[in-house]
Amino acid sequence: MKAFGPVPSRRLGQSLGVNNIPPKVCTYSCVYCQIGKTEELSIERRAFYRPEDLEMEVRDKVAEVEKRGTMIDYLSFVPDGEPTLDINLGRNIELLKPLGIKVAVLTNGSLINLKDVQEDLAKADLVSLKIDAATKHTWRRIDRPHNSLDLKTIQEGMGEFAQRFKGELITETMLLKGINDTYEEIQKIAGFLARLKSLKAYISIPTRPTAVKGVLPASEEALAMAYHIFAENIAVVEYLMGYEGDEFGFSGNIEEDLLGITSVHPMREDSVREYLKRAGADWKVITNLIERGSLRNVEYQGKNFFLRRFPGKR
């Protein structure tokens, strides 16, 4: 599925997801990734899907969602991997623009030093950069990048892009207990973010199951410290850690909708129950998906979550 949702987003309102990368091809293998361990660590830009096929699926999904009276605030490239690995990203954005809905790209920024990547991202209305560390050791520990990537080169690329981008630029920093939650680490991250002059900086913590067990959110004390340090350097700072709600959209095919959403956005059990209720379906849908091996149940921080199980994963 190349289109899913819409899903509620604190950053983007009602966001219809665009999945332009198959699971799980990425430049990073982040310890906190909610999709799971990276299957193919790569930095090679290449074609994954035909832009025309992706456009058609997104158009159909938009039509289905709007027919049900649901508004879409953003078409968001938030795939099963790093969106800028798609060499057709710019073309995809161009094809979706006539729909009249803003386009967002959520990227880890690892390839942003490349001119063609900057040109592709420049076509979006909003770009979110993931910046979890400003020191090489911590960056490698959290994001576990492809060996050929260099943090300084990435930072320089982010700086160049920030100067040229005409849309909305935001950042997101994931704070993890015992890894990047010290005063020194946070100061360095804030210092780098200040140079980017983004519209808004988000501070987040893991709220869904993580790729590596034992990865925990930073403490409340560390989060408060980070907020104040960020606020001294950046105009607008917000936490991004609360429950985003149950307003997941649906198109009519309940199983396809659930698998599309849970492939990139694990759903809490209470959200699933509310979703089924609004769709006029019962829990048997979930039971069937689990029995077929399409869905799995994971506990994190005392809550039950449902995630899509990708082919070949057991």
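Computed from a predicted structure; not experimentally measured.

Moving on, we get to the overall build of the chain. Secondary structure summary: the chain contains ten helices and 13 strands in total. For 314 residues, the compact-globule estimate of 2.2 N^0.38 gives 20 Å, and the chain sits close to it at 19 Å. Counting only C-alpha atoms and orienting by the principal axes, one finds that the chain spans roughly 50 × 45 × 35 Å. Sequence-distant contacts in the chain: of pairs separated by 6 or more residues, those separated by 24 or more amount to 75%. Per element, the accessible surface of the chain, about 13,800 Å² overall, is 48% carbon and sulfur. When the 44 positive and 45 negative side-chain charges of the chain are each reduced to one mean point, those points stand 2 Å apart.

Let us now look at helix H7 (residues 220–231). A rise of 1.5 Å per residue sets the reference length of H7, with its twelve residues, at 16 Å; its end C-alpha atoms lie 16 Å apart and thus fit the reference within 8%. Those residues of H7 hidden inside the fold are in contact with strand E8 (168–174), helix H6 (183–196), strand E9 (200–204) and strand E10 (237–240).

This part covers the pairing of strand E5 (residues 74–77). Sheet faces and side chains relate simply in a regular strand, where the side chains alternate between the two faces. Covered by surrounding structure in E5 are Tyr74 and Ser76 together with Leu75 and Phe77, the residues of both alternating faces. The pairing of strand E2 (residues 13–18) with E5 spans four bridges and is parallel. Residue pairing in the sheet places Gly17 in a bridge with Ser76 of E5. Here four bridges tie E5 to strand E6 (residues 102–107), and the two strands are oriented parallel to one another. Along E6, the bridge assignment pairs Ser76 with Ala104.

Within the structure shown, the criterion is met by one cavity of 30 Å³ or more. In this structure, the largest cavity encloses a volume near 70 Å³. Residue lining of the largest cavity: 13 residues in total, with Lys130, Ile131, Ala133, Leu151 and Met158 positioned closest to the centre. Of all the elements in the fold, those that place two or more residues in the lining of the largest cavity are helix H4 (136–143) and helix H5 (151–164). In terms of residue count, H5 provides more of the lining of the largest cavity than any other element does, four residues in total. Of the residues in the lining of the largest cavity, the class split is eight nonpolar, two polar and three charged.

Turning next to unusual backbone geometry. Phi is mostly negative for residues that are not glycine, and the peptide bonds are mostly trans. Note the cis peptide between Gly5 and Pro6, where omega equals 10°. Relative to the helices and strands, Pro6 is located in strand E1 (residues 3–9). The omega torsion across Pro23 and Lys24 is -20°, close enough to zero to call that bond cis. Along the chain, Lys24 turns up in the loop between E2 and strand E3 (25–26).

What follows concerns H6. Under the 1.5 Å per step criterion, the end-to-end length of H6 is 20 Å for 14 residues, consistent within 8% with the ideal 20 Å. Among the residues making up H6, those that are buried are Glu185, Ile186, Ile189, Ala190, Phe192, Leu193 and Leu196. The buried side chains of H6 occupy one side of the element, clustering within an arc of 165° when seen end-on. Facing away from the buried side of H6 by over 90 degrees, the exposed positions are Glu184 and Arg195. Close packing links the buried residues of H6 with strand E7 (126–130), H4, H5, E8, E9 and H7. Positioned one or two residues after H6, Lys197 has a phi angle of 55°, which is positive.

Each aromatic ring pair is characterised by the separation of its centres together with the angle its planes make. Here the structure, examined in full by the defined rule, presents two aromatic pairs. Ring plane angle 25° and centroid distance 4.8 Å describe the contact between Phe161 and Phe165, whose orientation is recorded as stacked. The same class applies to Phe161 and to Phe165, which are both buried. When the ring centre of Trp283 is taken as reference, the NZ or CZ atom of Arg273 above it lies at 4.0 Å.

Time to look at the side chain of Asn180. Tracing the backbone shows Asn180 in the loop between E8 and H6. From its side chain, Asn180 meets the backbone oxygen of Met174 in a polar contact 2.8 Å long. Ignoring any residue separated from it by four or fewer positions in sequence, one finds Asn180 in contact with Asp132, Thr138, Ile142, Met174, Leu175, Glu185 and Ile186.

The rules we used
- Residues numbered from 1 in each chain as written.
- Predicted model: local features only at pLDDT ≥ 70, side-chain atom pairs only at ≥ 80, totals over all residues.
- Heavy atoms only, no water.
- Helix = DSSP H or I, 4+ residues; strand = E, 2+ residues; numbered from the N terminus.
- Rg over C-alpha atoms; globule rule 2.2 N^0.38 Å.
- Contact = heavy atoms within 4.5 Å.
- Areas by Shrake-Rupley, 256 points an atom, 1.4 Å probe, with all protein chains shown as cover.
- Lys, Arg positive; Asp, Glu negative; His and termini not counted.
- Charge placed at Lys NZ, Arg CZ, Asp CG, Glu CD.
- Expected span 1.5 Å × (residues − 1).
- Buried < 20%, exposed > 50% of the residue type's maximum accessible area, 1.4 Å probe, protein only.
- Pairing = 2+ DSSP bridges.
- 1 Å grid on protein atoms, 1.4 Å probe; cavity = no way out; pocket = protein on both sides within 12 Å on 5 of 7 lines; lining within 4 Å.
- Points joined across faces, edges and corners; volume = space filled by probe spheres on them.
- Nonpolar A, V, L, I, M, F, W, Y, C, P; charged D, E, K, R; others polar.
- Arc of directions from axis to C-beta.
- Phe/Tyr/Trp six-rings, centres within 6.5 Å; stacked < 30°, edge-to-face > 60°.
- Lys NZ or Arg CZ within 6 Å of the ring centre and 35° of its normal.
- Polar contact = N/O pair within 3.5 Å; in protein donor to acceptor, adjacent residues only side chain to side chain.

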